[in-house]
Amino acid sequence: MNRFYRVLSESYIFVMMVALACGLFLPATNVLIPWNTLFLQIIFFLSCLKIDPSQIKSSLKDWKFLLLANSLMMIGFPLAVWLIVNPFAPNMGLALFLLAAMPVGMTAPLLVEVVGGKQAIAMVLTVTTSLLAPITIPLITKWLYGTSISVDALGMFRQLALVIFIPFVLALLTRKIIPSAVEVIKTKTKPLSILLLGLLIASAVAKQSHQIRTLSQDGWKLVSIIASLYTFFFVVHLVGYFAFWWKNRADKRTASVALTYMNFTLAIFLAAQFFPKPEILLPLVLSILPWATLLPVWKWASKKL
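Summarised in this report is the structure supplied together with it. It should be emphasised that the depicted structure is a prediction, and the values quoted were computed from it without experimental measurement.

1. With respect to the overall build of the protein
Across its full length, the protein carries 18 helices and zero strands. Expected size for 305 residues packed as a compact globule is a radius of gyration near 19 Å; at 18 Å, the protein falls within 12% of this value. Each principal axis of the C-alpha atoms in the protein carries an extent, and together these give about 50 × 45 × 40 Å. Per-residue burial over the protein gives 52% buried out of 305 residues. Of all intrachain contacts in the protein linking residues separated by at least 6 positions in sequence, the fraction that spans at least 24 positions is 81%. Roughly 13,900 Å² of accessible area belongs to the protein as shown, and the carbon and sulfur atoms make up 69% of that amount.

This is the structure:
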């Protein structure tokens, strides 16, 4: 069993690709569709178990840094995508907008450590952006897209509150009431989260499997989507680094990684719930490629910077 957990933890991209294939080609995957909200709730719960309140308190002193980072993540990036990309490619623009509007990913502290950043700051950004997300995402989506497409802002708020607020509170209560159990569970959270993420992707893709298969047959279209995603991620890296020019190198690396590796799982979930179009869902699923492979490149580039 321990070997299974280790292999699962080290096979992130493989699990995502298998999930994508199952969603596209196995009709039985449709049985997962009603469970995708629960999958995401469990993923958030397991991630929140790792949050140490004492680390958060010590990092709240640098409020200017936190204010700018949260403003960029929750307002600046999605607004920029809407202004720059949406006029030329509406579907791709909406997909990138959803990515840009997402909170910091729960694995950001681990990724920050890889590039020599500060885990405590990354954890604070993860918590603050996640708690802001149920408010900012529906509001900015309604503001920017409300006149062109139907946006159920209230429904979006309810879903986000359901998958963020409730797991967050339950995780904090669990840490307080049974801390010994938390230490045991934490060792298994990564492989279990990856497995649940695979099930979530499979269920989301299964909803639009026929349309996605048709869209992905266009090789040039597929290449352009992947190229756009890599460009998007690298630009966010650069903005996240240089936006904090007055900070030291470790803080700039922390901001760059935390702001770039957003919670794409939540974006896939929202797209499947509120924008179920293959032209939007496919780029979000494929965002796993730059998300999982760009970090080593950025680590090298940030050293050069």
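2. As for the environment of tryptophan 300
For tryptophan 300, the location among the structural elements is in helix α18 (residues 295–304). Placed 86 residues apart in sequence, tryptophan 300 and threonine 214 show a C-alpha to C-alpha distance of 37 Å.

3. Quick look at empty space enclosed by the protein
Here the structure, examined in full by the defined rule, presents one cavity of 30 Å³ or more. Taken as a whole, the largest cavity encloses approximately 50 Å³ of empty space. Forming the boundary of the largest cavity are Phe44, Cys48, Ile51, Met106, Thr126, Val127, Ser130, Leu131, Ile164 and Phe168. Among the secondary structure elements, those contributing two or more residues to the lining of the largest cavity are α3 (36–48), α8 (119–145) and α9 (153–177). For the lining of the largest cavity, the element with the highest residue contribution is α8, accounting for four residues.

About the cut-offs
- Within each chain, residues carry numbers counting from 1 in the order of the written sequence.
- Whole-chain, interface and lining totals are the exception, using all residues; otherwise, since this is a predicted model, local features are given only for residues with pLDDT of at least 70 and side-chain atom pairs are given and counted only at 80 or more.
- Hydrogens are left out, water is left out, and the side-chain values use all remaining heavy atoms of the structure.
- Helix and strand assignments follow DSSP, with helices taken as H or I runs no shorter than four residues and strands as E runs no shorter than two, numbered in order from the N terminus.
- Atoms considered for the radius of gyration are the C-alpha atoms alone. The globule rule reads 2.2 Å times the number of residues to the power 0.38.
- Relative accessibility under 20% of the residue-type maximum defines a buried residue, over 50% an exposed one, and the middle range a partly exposed one, all with a 1.4 Å probe and only protein chains included.
- Any two residues whose heavy atoms approach within 4.5 Å are treated as being in contact.
- Exposure was quantified through the Shrake-Rupley algorithm and a 1.4 Å probe, taking into account, for residues, occlusion by the shown protein chains and nothing else.
- Using a grid of 1 Å spacing that covers the protein atoms alone, one calls a set of points a cavity when a 1.4 Å probe fits there but cannot get out, and a pocket when the set is open and has protein on both sides within 12 Å along at least five of seven lines; lining residues are those with an atom within 4 Å of a point.
- Grid points are joined across faces, edges and corners, and a volume is the space filled by probe spheres set on the points.

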